[in-house]
Amino acid sequence: MAPDCGATFGTEEILVACPRCGALLEVAYDWDRIAPPRSLRDFEAHWSRRGDPHSFSGVWRFHALLPFAAREDCVTIGEGQTLLQRSDQVAQYVGLKPGRLFLQYEGMNPSGSFKDNGMSAAFTHARLTGAQRAACASTGNTSASLALYCAVTRLMRAVIFVGSGKIAYGKLSQALDYGALTVQIAGDFDDAMRRVKEVSQTLGIYVVNSVNPFRLEGQKTIMFRVLEALGWEVPDWIIVPGGNLGNSSAFGKAFRELLELGLIPRAPRLAVINAAGADTLYNLFENGGLRWNGGRPNPELIRAYYDDMDRRRLRAETIASAIEINRPVNLTKCLHALDTCRGVVREVTDQEILDAKAQVGAGGLGCEPASAASVAGLKRLAAEGVVGPDERVVCILTGHQLKDPTATVAYHTTDQEMFDKVLGSRGVHRATFANRAVSVANDLNEIIRAIELYG
Ligand code: F0G
């Protein structure tokens, strides 16, 4: 991936970074040998073959665009059955015209988040290398996904590292239920990430975090499904929350490859949305002027930023725990994506995130806090006039509404103490779109009166 290095490795090797230059690796295909499809419409042939697990999978029906393993060796548990929903109510909230906003519900995956797209691909590679154990550091969704793939396939044992108290209950409960070895570290995601790299090197465990390039191959398919749902038309904007920046990096690669293959006429624009309490990309890209620069982003800018962060002992802090990350491992790849897609980066407060989340819930299938950062970010971009009211926009809703019930219940509660504890401490002071439960005595007349009053 680094143009000054140029080292290449076979897919049989287990590497998360280039042993020569230290940069992350990227999967490259020799399209002349693989014969890619001539038109995206060719993929429609899979729609009539739903009995075949690889055609049914929303990842592997696009195998021709991520052909790093033989089709029959690809691991699937039925991931990628997701939905692109037109949402006029949310469009109105963010300031777009009816029919212009679409929400891509990745929470409909088997483990309830977009991670299953990438996990099916990383798991496929892990199996090909004969791995017995697979590990990840996680804010919760990667670990839930890894634990599920291990539980369903019985191919590997899952070892997961989470920051103590830094994971939403829905996600922790999944890892425990699916039987993963769960290591709670006294620290946050950035600490857990550092440790998982050390431990996996020492013990020879396969790492499935998005430093793993195969993860990103699977996550490209989110974009293929968006195009599929729009009749293969390219939208004007893709808006995605940014944490470790695996998704945004994967999306950029997807569009670069589709352009290279002549399968789309242009790339959409990309907006990556940070939480204000975890905004490394925003600071470096929008304030610091860091750019991809033909594969040579200024390392001094990045080093100085992290040094300053360490000096100030700055820790990521947001209610959107999934993106509570200050050292995004895919920073450089994301710069490439922003370059491919004429991207922008914005940051949004926890207040904006929770208000947007309530709107998504009221107007659609619901999502977890981190996912709503995309909608909150769009609202800002529309207010700034960067996104026009007539443009066709897709927000990626990365995780299911049930992942983080604590944040949702606290937003809607009438219990001021609970509100202050969960949200007030994070600078959230209003619940403008709260839907408060009505308390009544266990008495038929009172219940009827309450329904007539509020219903
Ligand atoms: N949304 C959700 C629901 C997530 O779980 C994550 C990442 C993101 C957005 C950010 O995506 O890292 O590709 O920029 N969760 C990771 C985890 C870090 O461990 O589950 P990204």
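Look a little higher up for the structure.
Residues numbered from 1 in each chain as written. Predicted model: local features only at pLDDT ≥ 70, side-chain atom pairs only at ≥ 80, totals over all residues. Heavy atoms only, no water.

### Focus on the sheet that holds strand β1 (residues 83-86)
Then, in step 1: Spatially, β1-β2-β10-β7-β8-β9 is the arrangement adopted by the six strands of the open sheet, whose pairing is mixed. The sheet terminates laterally at β1 and β9 (344-348), the two strands that pair on one side only. Across this sheet, the average inter-strand angle for adjacent strands is 25°, counted without regard to direction.
Then, in step 2: Judged from the three bridges that link them, strand β7 (residues 237-241) and strand β10 (residues 393-397) form a sheet pairing that is parallel. Bridge pairing in β10 links Trp-237 to Val-393.
Then, in step 3: Seen against the sheet, helix α12 (residues 331-340) touches β8 (269-275) and β9 and runs at an angle of roughly 140° to β8. (Pairing = 2+ DSSP bridges. Helix = DSSP H or I, 4+ residues; strand = E, 2+ residues; numbered from the N terminus. Axes fitted to C-alpha atoms, helices over the stretch in contact; angles between N-to-C directions. Contact = heavy atoms within 4.5 Å.)

### A look at the sheet that holds strand β4 (residues 157-163)
Then, in step 1: Here four strands make up an open sheet; going across it, the order is β5-β4-β3-β6 and the pairing parallel. At either end of the open sheet lies a strand with only one pairing partner, and these are β5 (181-185) and β6 (206-207).

### Here we look at unusual backbone geometry
Then, in step 1: Phi at Trp-232 is positive, roughly 70°, even though this residue is not glycine.
Then, in step 2: With respect to the helices and strands, the residue Trp-232 is situated in the loop between α8 (213-229) and β7.
Then, in step 3: Owing to a relative accessible area of 11%, Trp-232 belongs among the buried residues under this scheme.
Then, in step 4: Positive phi, close to 70°, is recorded for Leu-245, a residue that is not glycine.
Then, in step 5: Within the secondary structure, Leu-245 is located in the loop between β7 and α9 (246-260). (Buried < 20%, exposed > 50% of the residue type's maximum accessible area, 1.4 Å probe, protein only.)

### Thoughts on the packing of helix α13 (residues 350-363) against helix α14 (residues 369-384)
Then, in step 1: Their axes nearest at 7 Å, the elements α13 and α14 cross at an angle of 100°. Classified by the angle their axes make, α13 and α14 are roughly perpendicular. Here α13 contributes Glu-352, Ile-353, Leu-354, Ala-356, Lys-357 and Val-360 to the contact with α14, which in turn contributes Pro-369, Ala-372, Ala-373, Val-375, Ala-376 and Arg-380.
Then, in step 2: Here the contact of α13 with α14 is built from residues that sort into nine nonpolar, no polar and three charged. (Parallel < 35°, antiparallel > 145°, perpendicular 65-115°, else oblique. Nonpolar A, V, L, I, M, F, W, Y, C, P; charged D, E, K, R; others polar.)

So, to be careful, I would describe these as geometric facts and stop short of saying anything about function.
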